[in-house]
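For reference, the chains in residue letters:
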Amino acid sequence: MTAFPSSLDSASLTLAGSARLLADVGGTNARFALETGPGRFEAIEVLSCQQHASLGEAIRAYLALPQLAGLGAGIRHAAIAIANPVTGDQVRMTNHHWAFSIEALRQECGFDTLVVVNDFSALARSLPHLGGQKRQVGGGTPVPDAPLGLLGAGTGLGVSGLIPCGNSWTALRSEGGHVGFSPVDEREVAILQYAWREFAHVSSERLLSGAGVELIYRALSERAGRPDSLPAPEISRRALDGECALCDEVLEAFCGMLGTAAGNLAITLGAQGGVYIGGGIVPRLGERFDRSSFRRRFEQKGRFSGYLAQVPTYVITADYPAFLGVSAILSEKLAAA
């Protein structure tokens with residue numbers, strides 16, 4: 001698989017030696033690839049985090065796969081994007097039990113170089129290279145050389161931004177998914193009150209995530225006088241198939257909340273270059289997301305509604321965009337060495 005070849009700066013992605021190992025580790029799955037040339041990702045595999053006791057074990061399992069014969073030998077450089085703050089050598093995942101020392105993991109795997117960064121910092125670095133692998137939702141036109149915003153719901157809620165810096169970009173190391181949730185209407189107040197029964201601090205991530213979809217369903221089913229629970233995939237399936245009005249209301253509430261969060265991010269960063277939506281949930285909603293209240297709620301900011309109407313919003317449609325971002329970060333590390 002060659003990713004976005006027309007957008008790549010081949011000089012900044014010059015490979016040093018053999019193929020490089022890239023990984024995008026979330027709370028549910030770990031995605032691996034070998035980069036065998038600038039932007040050329042091969043042997044892409046998705047491994048379940050639950051099936052491996054540690055990240056080191058998952059890396060070894062990936063490199064031992066039969067399809068990697070002849071490709072995975074002698075890997076010297078690796079980069080990992082992980083759904084967690086990375087502020088030093090010790091990493092402990094927020095939504096999974098893996099914990100490790102970056103230096104110890106480097107030695108365990110025999111790498112010369114191991115770079116570990118927040119997954120949404122890596123995803124943010126991919127944004128200028130997406131080309132046509134994004135879908136605009138609503139109006140607006142990007143302002144050149146302006147900040148970009150990024151958020152995405154999956155196992156958790158990732159948030160980042162990309163700030164112009166000379167001829168390059170700086171990705172923010174944000175944990176904005178953990179800011180307090182702000183309701184905008186009576187229904188969302190009721191959802192928040194329900195969530196307070198379980199959590200003293202109801203962050204945006206508590207609702208804008210897979211577990212959040214389930215929490216919204218429980219709250220709205222109780223509000224309707226029919227307390228119930230369902231797993232998130234079934235809620236989405238019933239809503240998209242038109243089988244359940246309550247499930248559709250849950251998705252609508254989710255999309256509206258995400259619109260408010262995206263608008264908040266756009267104003268906070270001055271993201272006139274656009275706000276991008278990644279993560280595992282929204283891309284699967286397809287046209288249902290496009291006709292949801294997301295864009296209306298994005299612009300619903302009183303005196304700043306006109307400002308936000310000019311800011312474009314995009315759904316990322318690329319399959320593995322984080323690989324491109326973490327590859328660029330690794331290239332910069334190697335060039336500076």
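Because the structure is a prediction, the values reported are computed rather than measured.

Caption draft 1: Up close: the sheet that holds strand 9 (residues 148-153). A sheet is described by the order of its strands in space; here 6 strands give the open sequence 8-13-12-9-10-11, paired in mixed fashion. Of all the strands in the sheet, just strand 8 (134-137) and strand 11 (168-171) have a single pairing partner and so form its edges. Within the sheet, the average angular offset between the axes of one strand and its neighbour, ignoring direction, is 25 degrees. In this structure, strand 9 lies alongside strand 12 (residues 275-278), joined through 4 bridges in parallel fashion.

Caption draft 2: Focus on the packing of helix 4 (residues 186-195) against helix 8 (residues 245-269). Look at helix 4 against helix 8: their axes get within 12 Å of each other, and the N-to-C directions meet at 95 degrees. With respect to their mutual orientation, helix 4 and helix 8 come out roughly perpendicular. Contacts from R187, E188 and I191 of helix 4 reach helix 8 at E249, E252, A253 and M257. Class assignment for the residues of the contact of helix 4 with helix 8 results in 3 nonpolar, no polar and 4 charged.

Caption draft 3: A look at the UniProt feature "binding site: ATP" (unreviewed entry) in the protein. Mapped onto this numbering, the UniProt entry gives "binding site: ATP" (unreviewed entry) at A23, D24, V25, G26, G27 and T28. Note on placement: V25 falls in strand 1 (residues 20-25). Given the relative accessible area of 0%, V25 is considered buried. With respect to the helices and strands, G26 occurs in the loop between strand 1 and strand 2 (29-37). The buried category is assigned to G26, whose relative accessible area is 14%.

Caption draft 4: Quick peek at the pattern of salt bridges. The full count for this structure, using the stated rule, is 20 salt bridges. The salt bridge partner of R197 is E222, with a shortest N-O separation of 2.5 Å. On the criterion of sequence distance, the pair formed by R197 in the loop between helix 4 and helix 5 (204-207) and E222 in helix 6 (residues 210-223) is long-range, its members being 25 residues apart. Exposure remark for E222: the relative accessible area of 31% places this residue in the partly exposed category.

Caption draft 5: A look at helix 6. Taking 1.5 Å as the rise per residue, helix 6 with 14 residues should run 20 Å; its terminal C-alpha atoms sit 20 Å apart, in good agreement. Packing partners of the buried residues in helix 6 comprise helix 4, helix 5, helix 7 (232-240) and helix 8. Two residues or fewer past helix 6, G225 is found with a positive phi of approximately 85 degrees.

Caption draft 6: The pairing of strand 1, seen in detail. With 6 of 6 residues buried, strand 1 lies mostly within the body of the structure. Residues R20, L22 and D24 of strand 1 are buried on one face, and the alternating residues L21, A23 and V25, pointing to the opposite face, are buried as well. In this structure, strand 1 lies alongside strand 2, joined through 6 bridges in antiparallel fashion. Counterpart to L22 in the pairing with strand 2 is A33. Between strand 1 and strand 2, which follow one another and run antiparallel, lie 3 residues. Relative to strand 4 (residues 77-82), strand 1 runs parallel, the two being bridged by 5 bridges. What sits directly across from V25, in strand 4, is I82.

The rules we used
Residues numbered from 1 in each chain as written. Predicted model: local features only at pLDDT ≥ 70, side-chain atom pairs only at ≥ 80, totals over all residues. Heavy atoms only, no water. Pairing = 2+ DSSP bridges. Helix = DSSP H or I, 4+ residues; strand = E, 2+ residues; numbered from the N terminus. Axes fitted to C-alpha atoms, helices over the stretch in contact; angles between N-to-C directions. Parallel < 35°, antiparallel > 145°, perpendicular 65-115°, else oblique. Contact = heavy atoms within 4.5 Å. Nonpolar A, V, L, I, M, F, W, Y, C, P; charged D, E, K, R; others polar. UniProt positions renumbered as here; feature names shortened; annotations may be inferred. Buried < 20%, exposed > 50% of the residue type's maximum accessible area, 1.4 Å probe, protein only. Salt bridge = Lys/Arg side-chain N within 4 Å of Asp/Glu carboxyl O. Expected span 1.5 Å × (residues − 1).

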